[in-house]
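# Observations on chain architecture
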Amino acid sequence: MSTVKANELISEFLDSSTISALSDFLTSTENYSSFVDTIATAFGYNKSLSNLSESDTKKLILSFRNNLTLLIQKTWVEQADIGTKDTLLYQLNHFLSKDGFSWQDEYSSFLQIINKAVSLMFGQNTDSTDFNEYTLRIDPEFGIFWWYISNLPPKTDWTNEKCRISMILGMYFLANY
């Protein structure tokens, strides 16, 4: 799907300030709290996600891990994909579980886990040009989440804090999906 078509499609589901907030968040190097909170509102979070306490962050990570584990476990897959499913459950179980982890170091792993999980759940290649449209049409809430995830760069040199908040946004949605 072309960028123009993708922008037209997402504007059917989100207001222009939310669409702009993602672009502004991706390009900003500091002072991105308002952008983060605008995106979080699109995910149903009505507080300041950018200022989440450490204890609330730990609870969110646990909820994310538990809910995504359940989603993966309940997803029916072909026999050929059982190994992928088992590997993904193993990776998810160990994701962010070591002491002193770095959000920056875990950023790419987070996106890989999300991509594999979504691919298993939907049975489609998440890199296909029409996957965004597909998710928006069958489940608009999930489609908005996928729009967010698919706009994140696969690798980045962002600060630890920016990596943390970008991951927290995705975790919040999946913890409550």
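Scroll up to find the structure this text is about.
For every chain, the first residue of the written sequence is number 1, and numbering continues from 1 onward in sequence order. Reporting of local features is limited, given that this is a predicted model, to residues whose pLDDT is at least 70; pairs of side-chain atoms are given and counted only at 80 or more, and all residues count toward the totals for whole chains, interfaces and linings. Processing note: side-chain calculations cover all non-hydrogen atoms of the structure and skip hydrogens and water entirely.

### Observations regarding the packing of aromatic side chains
For the record, the criterion: Two aromatic rings from Phe, Tyr or Trp, using only the six-membered ring of Trp, form a pair when their centres are within 6.5 Å; if the ring planes differ by under 30 degrees the pair is stacked, by over 60 it is edge-to-face, and anything between is tilted. Strands are runs of DSSP state E lasting at least two residues, helices are runs of H or I lasting at least four, and both sets are numbered from the N terminus onward. Residue exposure (1.4 Å probe, protein chains only): buried if accessible area is under 20% of the type maximum, exposed if over 50%, otherwise partly exposed. Geometrically, a charge over a ring is one whose NZ (Lys) or CZ (Arg) sits within 6 Å of the ring centre while staying within 35 degrees of the ring normal.
All told, the structure shown has 21 aromatic pairs when counted by the stated rule. Arranged with centres 4.8 Å apart and planes meeting at 70 degrees, the rings of Tyr45 and Tyr172 form a pair that is edge-to-face. Taken together, the positions of Tyr45 in the loop between helix H3 (33-42) and helix H4 (54-74) and Tyr172 in helix H9 (residues 160-175) put the pair 127 residues apart, joining distant regions of the chain. Across the pair, exposure class does not vary: Tyr45 and Tyr172 are buried alike. By way of ring pairs, the aromatic residues Phe43, Phe122, Phe131, Tyr134, Phe142, Phe145, Trp146, Tyr148, Phe173 and Tyr177 are connected into one cluster. Over the ring of Phe25 we find Lys162; its NZ or CZ atom is 5.0 Å from the centre of that ring.

### Here's the deal with H3
Inclusion rule: Each C-beta atom gives one direction from the helix axis, and the arc is the one those directions make. Residue contacts are defined here by distance: any two heavy atoms, one from each residue, within 4.5 Å place the two residues in contact.
Within H3, burial applies to Val36, Asp37, Ile39 and Ala40. Buried residues along H3 cover an arc of 160 degrees about the axis, so they all sit on one side. Of the surrounding secondary structure, the elements contacted by the buried residues of H3 are helix H2 (16-27), helix H8 (140-151) and H9.

### A short note on the pattern of salt bridges
Formally: By convention in these notes, a salt bridge is any Lys or Arg side-chain nitrogen within 4 Å of a carboxyl oxygen on Asp or Glu.
For the coordinates displayed, the defined rule picks out four salt bridges. Across the salt bridge formed by Glu54 and Lys58, the nearest N and O atoms sit 3.6 Å from each other. Of this pair, Glu54 and Lys58 are both found in helix H4, four residues apart, which corresponds to roughly one turn of the helix. Residue class for Glu54 comes out exposed when judged on its relative accessible area of 59%. Look at Lys58 and you get exposed, because its relative accessible area is 54%. Three or more residues are tied together by salt bridges with common partners; here these are Glu12, Glu133 and Arg137.

### With respect to the packing of H4 against helix H6 (residues 103-122)
Stated precisely, the cut-off is as follows: Orientation is described by lines fitted to C-alpha atoms, with helices fitted over the stretch in contact, and by angles between N-to-C directions that extend from 0 to 180 degrees. An angle below 35 degrees is read as roughly parallel, one above 145 as roughly antiparallel, one from 65 to 115 as roughly perpendicular, and any other as oblique. For any helix crossing, the convention is left-handed if the near helix is rotated counterclockwise from the far helix by under a right angle, and right-handed if that rotation is clockwise.
Where H4 meets H6, the axes come as close as 11 Å, and the angle between the chain directions of the two elements is 30 degrees. Regarding the angle of H4 to H6, the classification is roughly parallel. Considering only the axes of H4 and H6, their crossing is left-handed. The segment H4 lies against H6, with Thr57, Ile61, Phe64, Leu68, Leu71 and Ile72 engaging Trp103, Phe110, Ile113, Ile114, Ala117, Leu120 and Met121.

### A closer look at unusual backbone geometry
In this structure, Asn31 is a non-glycine residue whose phi angle is positive, near 55 degrees. When you line up the elements, Asn31 lands in the loop between H2 and H3. Among the residues examined, Asn31 registers a relative accessible area of 66% and is labelled exposed. Here the phi dihedral of Leu96 falls at roughly 60 degrees; this positive angle occurs in a residue that is not glycine. Turning to its location among the elements, Leu96 is positioned in the loop between helix H5 (82-94) and H6.

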